[in-house]
Amino acid sequence: MLEVRELHVGYGRIPILNGVNLSVVRGSRVGILGHNGMGKTTLMRALMGLLPVKSGAVVFETATITSMQPHHRARSGIAYVPQGRQIFPQLTVRDNLRMGALRAPDGTMERVLDRIPRLKRLLDRPGGALSGGEQQLLAIARALCGKPKLMLLDEPTEGIQPSIIEEISELLIMLNETESLVIIVVEQNLEFIAGLARRIAVLQKGLIVREVAPTDLHNEQFVEEFVGMGT
Amino acid sequence: MALVLHDMNGLLMDLLAITLLEIFYGIASLALISLGLAIIFGMLRVINFAHGEFLMIGGFSFIMLTSAGVNMWIAMLIGAPLIVGLLGIVVERVVIRNLYGRIVETILATWGLSLFLMGAASLLFGYFQRGVSPPFGTLKIGNYQEGVYSIFVIVLAAAVYLSTYLVLRYTKLGLIARATMQNPEMASSLGVAREKVYAVTFFCGAALTGLAGAVLAPIAGVVPTSGLAYIARSFITVITGGATVIAGTGIASVLFGTVSQLTAILTRPVWGEAALLLTAVILLRFLPAGITGRYFRNGL
Amino acid sequence: MDRRSFVQGSLAAAGVLAIGGAATKARAAGPIKIGAVIDTSGPLEVFGQNKLRGLQIGVDELNEAGGLLGRQIQLVHRDTQSNNQLFAQYARELTAGERVDVVFGATTSSSREIVRPVVNRAKVPYFYNTNYEGGVCQRTTYCTSTTPAQMVEPLLPALIEKHGKKIYFLGADYNYGQISAYATKAIAKAHGAEVIGAEFFPLDASSFGATINRIQSAKPDIVHTVFVGPAHGSFWGQWASAGMVGKIPVSSQTFGLAGEQLRMPPEVSEGIYVCLNYFEEVSTPENERFLTRFKAKFGSSYGYISEASMAEYQALKLWAEAAKKSNGTDADAIERAAKAGLSVLAPSGNVLLDAKTNHCILDMSLARMSGGKFIIEKKFAGVRPSNYGDQCDLIKNPNTNKQFEPKL
Ligand SMILES: Nc1ncnc2c1ncn2[C@@H]1O[C@H](COP(=O)(O)OP(=O)(O)OP(=O)(O)O)[C@@H](O)[C@H]1O
Ligand SMILES: [Mg+2]
């Protein structure tokens, strides 16, 4: 489904990703763990085409998309829920969703709203006036309006209350299971990622250093090690 | 006695009507010459120093088309906007595209473009193209007489603003434009071809500028240096208005049009321009991000 | 090489030798150099293009007649690009580098005041040939075009007589406008007329509605205008749009100098009165000869030859006459001739240098726009230049160096 090979990405001459390899198969839910500044967002933005790749390759389904522009990636089925949500603050919730559904058939937005009913009564509010949790749900809903095959989520739990985290987790698992949406989620929240992902890669200093199983996250030794890695 | 009083009232009414008409005309012409600049600045954050020359080329397109036998209204409302709009697309592609986000470079590049266009116009059209006289007759208000064309300009400006508002507010194109303006990266992540939006926006801004140039041509006449006559006022209006295209430019036009016309009517023309500048300086002192940087931030 | 081309080659070589011989001879004396600082690009090219052409015609004429004082004339032009910053540099280059014998040019008063000190200091005669506010008084500076008094003095009395005694004045808000307003008031008063309103506009003013309304309620007999620059061009369109053409006669001190009548629709320009030293329409044998020559050299799409361009040509003739009279081209020689009384018969009529002010006494023509063309209605011979309070007297005080102003 998605193949990332020897991906090198940087800002100007500062290298951030130094050869990331990642292979994601159909139907999977992949978590990527990493501390602040390890390059998680950089990886997501590179996958979305928002950052140029220095070397390496990205293959999505059958096509090499290494230097494809973001809007073409979006149209070919990749959706992005960025860190900080990036809601259009002056557009209403409805218009935010319409932006997500630009190319989708009629009724897509309604179906998405049925899955996330909490947004229904907020439709006419400006996106910027929503709470953090509501914005996060909106960002996910907006991404879903494009009927994606692959969804990239960057720290969806950042600054969000537990009940909504729960809701997001359930929603993502359901979409993955009923609509075979492939999910790649970047996180620092161990509990959330343990509940959601079936495979977890650890990103450290621009490299995927190892893979762990969700159950390892309940393993105290790993937790200590992970916490220690940040320093 | 009563009769005299009635006469006085009549005179005052005439004066009031003509004064209002002048103020509206001042607002309308300011609003027209600024809208295209505001769209390009508000949507793309590009400061187009060749804006005055876009107006000039709009005027020339109108004059050349009418003198080639094209119906005057077609030349004004379709021909000139189309020509300047296409020029806008070329300029966006050749000059602006590689400079998004680099304010100083865009200023330098568009400034160079303005000199180039002025030179090209003087070679191509020269200073002696015969203009078109203002159509329609006049309207008598008591002792005063006003050109019906002024009323046409007022109505047209209102129509242009209203339709720009409707397009931005209620069409898919408008939605995409607003979203791209607020967060271009996110818009592209949702499948919006950013470059296409920029090109279309530039086209629209340039076309509206071409329209304004054509509408004012019968009044002002056109020479290759005509742009110089507009550039300062349209910049002051747009900067004071802030980044919100319609509300900002609209409010600034109303404010400046009223202040400068009223001052010019009550005192002397020199003070009219001075009042405009003074208002702008005071406003920007207290609202550095423009009127809409502070209020109406969620508007259009 | 075959025989034929050999013969041709030798002939050509002989030709080169012959010309070379002549050139050596000429270089002994060297050509007389005329420096010109004239804007042939940028906004002021609308004046500059034909100004330069006027000079070129003058130079051609002199050279065809065998040059001046037995030497050929060479025109050295610098395009000042409508950019005041270039004037000082080019004036210095022309006087110090090219060592020109005389400098012509500059259009705006501000650029003149940059050129003048440089050229004066180099002790090179300077001819400024654009209508201006008047008052420059310096022994080697010759201002050959019209001053406000020369336009207003013939124009206003003629209009007052024809249309009435109430005058409304509109002008640009800088010294040319202010001084013209002063001249207008003085002349109105002298003819029992009155200036009932005077308004001044910054150069970028383009909205004249309020003013037009005030004129409508003041009901003057004449509106006299001194507009400058492209923004002020809006006045005419607004005046016409308000239906005022033909209602109140309008006169102008600037209309036509840049060929405005060619781009203005005839309905808009109908009836505008202008009083200038020269119009293309002037019918003198000198003008006919000049126009034939001009069109032969530059074709017919040159726009319009206004007073602003003719003044350069006339100034060149005046200078050449002075050089002939004193048999020299240095500043002293030109000054000597100027003091002795200098005049030429030019396309506009008689151009006579006033030795007291170094300005010209000119023939003026009053014209009225009709059907998009100037129709000359009246001629005035020997109209004297402005001399504010008679303060400039270069005969009595040859070392004066200033620009006098009227006491406003
Ligand atoms: N625009 C930029 N220019 C230069 N360096 C940048 C830029 N954006 C990020 N970086 C640097 O790249 C590194 C990786 O940043 P990135 O945002 O990918 O980290 P992250 O893993 O997402 O961190 P966080 O958990 O805080 O979101 C950091 O050291 C950061 O300082
Ligand atoms: Mg991050």
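Not measured: the values here are computed from a predicted model. (Residues numbered from 1 in each chain as written. Chains lettered and ligands numbered in written order. Predicted model: local features only at pLDDT ≥ 70, side-chain atom pairs only at ≥ 80, totals over all residues. Heavy atoms only, no water.)

Caption draft 1: Molecular detail of the packing of helix H5 (residues 132–144) of chain A against helix H6 (residues 162–179) of chain A. All names here are of chain A. Interhelical geometry of H5 versus H6 gives an angle of 15° and a closest axis separation of 10 Å. The angle between H5 and H6 falls in the class roughly parallel. Seen from above, H5 lies across H6 with left-handed handedness. Across the interface between the two elements, Gly133, Gln136, Leu137, Ile140 and Leu144 from H5 touch Ile164, Glu167, Ile168, Leu171 and Leu175 from H6. Looking at side-chain class alone, the contact of H5 with H6 contains seven nonpolar, two polar and one charged residues. (Axes fitted to C-alpha atoms, helices over the stretch in contact; angles between N-to-C directions. Helix = DSSP H or I, 4+ residues; strand = E, 2+ residues; numbered from the N terminus. Parallel < 35°, antiparallel > 145°, perpendicular 65-115°, else oblique. Left-handed = near helix turned anticlockwise from the far one by under 90°. Contact = heavy atoms within 4.5 Å. Nonpolar A, V, L, I, M, F, W, Y, C, P; charged D, E, K, R; others polar.)

Caption draft 2: How the structure looks around the sheet that holds strand E10 (residues 207–212) of chain A. All names here are of chain A. If you walk across this open sheet you meet the six strands as E6-E7-E8-E3-E9-E10, and the pairing is mixed. For this open sheet the edge positions go to strand E6 (78–81) and E10, each flanked by a neighbour on one side alone. The sheet shows a mean angle of 20° between the axes of neighbouring strands, direction not considered. Of the strand pairs in this sheet, strand E3 (residues 29–33) and strand E8 (residues 182–187) are connected by five bridges, and their pairing is parallel. Across the sheet, the residue bridging to Arg29 is Ile183, located in E8. Each of E6 and strand E7 (150–154) touches H5; the most contacted strand, E6, lies at about 170° to it. (Pairing = 2+ DSSP bridges.)

Caption draft 3: Looking closely at a nonpolar patch on the surface. Residues and elements named next belong to chain B. A contiguous nonpolar surface patch, about 450 Å² in accessible area, is contributed by Ile74, Leu77, Ile78, Leu82 and Leu86. Structurally, the position occupied by Leu82 is in helix H3 (residues 72–96). Judged by its relative accessible area of 44%, Leu82 falls in the partly exposed class. (Patch = residues over 30% accessible without salt bridge, like charges linked within 9 Å, V, L, I, M, F, W, Y side chains within 5 Å. Areas by Shrake-Rupley, 256 points an atom, 1.4 Å probe, with all protein chains shown as cover. Salt bridge = Lys/Arg side-chain N within 4 Å of Asp/Glu carboxyl O. Buried < 20%, exposed > 50% of the residue type's maximum accessible area, 1.4 Å probe, protein only.)

Caption draft 4: Quick look at the packing of aromatic side chains. Throughout the structure, instances matching the rule amount to 29 aromatic pairs over all chains. Where Phe104 of chain C meets Trp319 of chain C, the ring centres are 6.4 Å apart and the plane angle is 85°; that geometry is what we call edge-to-face. Pair noted here: Phe104 of chain C is in strand E3 (residues 102–105) and Trp319 of chain C is in helix H12 (residues 307–326), with a separation of 215 residues, a long-range link. A relative accessible area of 0% places Phe104 of chain C in the buried class. For Trp319 of chain C, a relative accessible area of 0% translates into the label buried. Put simply, the rings of Phe201, Phe208, Phe227, Phe235, Trp236, Trp239, Phe255, Phe279, Tyr304 and Phe374 of chain C pair up and form one aromatic cluster. Lying across the ring of Phe41 of chain B, Arg45 of chain B places its NZ or CZ 5.6 Å from the centre. (Phe/Tyr/Trp six-rings, centres within 6.5 Å; stacked < 30°, edge-to-face > 60°. Lys NZ or Arg CZ within 6 Å of the ring centre and 35° of its normal.)

Caption draft 5: Representation of the coordination of the magnesium ion (ligand 2) within the structure. All names here are of chain A. For the magnesium ion (ligand 2), the full set of protein donor atoms is Thr41 (OG1) and Gln83 (OE1), at a range of 1.8 to 2.2 Å. Of this pair, Thr41 sits in helix H1 (residues 40–48) while Gln83 sits in the loop between E6 and helix H3 (93–100), and the two are 42 residues apart along the sequence. By relative accessible area, Thr41 is classed as partly exposed at 25%. The partly exposed category is assigned to Gln83, whose relative accessible area is 25%. (Donors = N, O, S within 2.8 Å, 3.2 Å for Na, K, Ca; no water.)

Caption draft 6: Broad picture of the arrangement of the chains. Here two pairs of chains make contact, and the pair sharing the most contacts is chains B and C. Between chain A and chain C there is no contact; the minimum C-alpha to C-alpha separation amounts to 37 Å.

Caption draft 7: Spotlight on the interface of chain B and chain A. Contacts between chain B and chain A engage 23 residues on the former and 22 residues on the latter. Buried area between chain B and chain A, both sides added, is near 2,100 Å², and the carbon and sulfur share of it is 58%. Looking at the side of chain B facing chain A, the largest losses of area belong to Leu175, Gln182 and Leu190 of chain B, adding up to 28% of the total buried there. Notably, a salt bridge pairs Arg45 of chain A with Glu185 of chain B, separated by 2.7 Å at the nearest N-O pair. At the junction of chain B and chain A, the tally comes to six residue pairs in polar contact (both at pLDDT 80 or more). (Buried area = accessible area lost by both parts, 1.4 Å probe. Polar contact = N/O pair within 3.5 Å; in protein donor to acceptor, adjacent residues only side chain to side chain.)

Caption draft 8: How the structure looks around the sheet that holds strand E5 (residues 63–64) of chain A. Residues and elements named next belong to chain A. The strand order E2-E1-E4-E5 describes an open sheet built from four strands, whose pairing is antiparallel. The strands lining the two open edges of the sheet, one partner per strand, are strand E2 (14–24) and E5. Here strand E1 (residues 2–11) runs beside E2; their pairing, made up of eight bridges, is antiparallel. Bridge assignment links Val9 to a residue of E2, and that residue is Leu17. Sheet strands touched by H1: E1, E2 and strand E4 (55–60). Its angle to E1, the strand with the most contacts, is close to 115°.

Caption draft 9: Fine view of the interface of chain B and chain C. Contacts between the two partners involve 37 residues from chain B and, on the opposite side, 45 residues from chain C. Interface area for chain B against chain C, summed over the two sides, is near 3,200 Å², with a carbon-plus-sulfur share of 55%. If you sort the residues of chain B by the area they bury against chain C, Phe128, Arg130 and Gln145 of chain B come out on top, with a joint share of 21%. Along the contact surface separating chain B from chain C lie zero salt bridges. Where chain B packs against chain C, one counts 15 residue pairs in polar contact (both at pLDDT 80 or more). Of the residues that constitute the side of chain B that touches chain C, the class distribution is 19 nonpolar, 13 polar and five charged.

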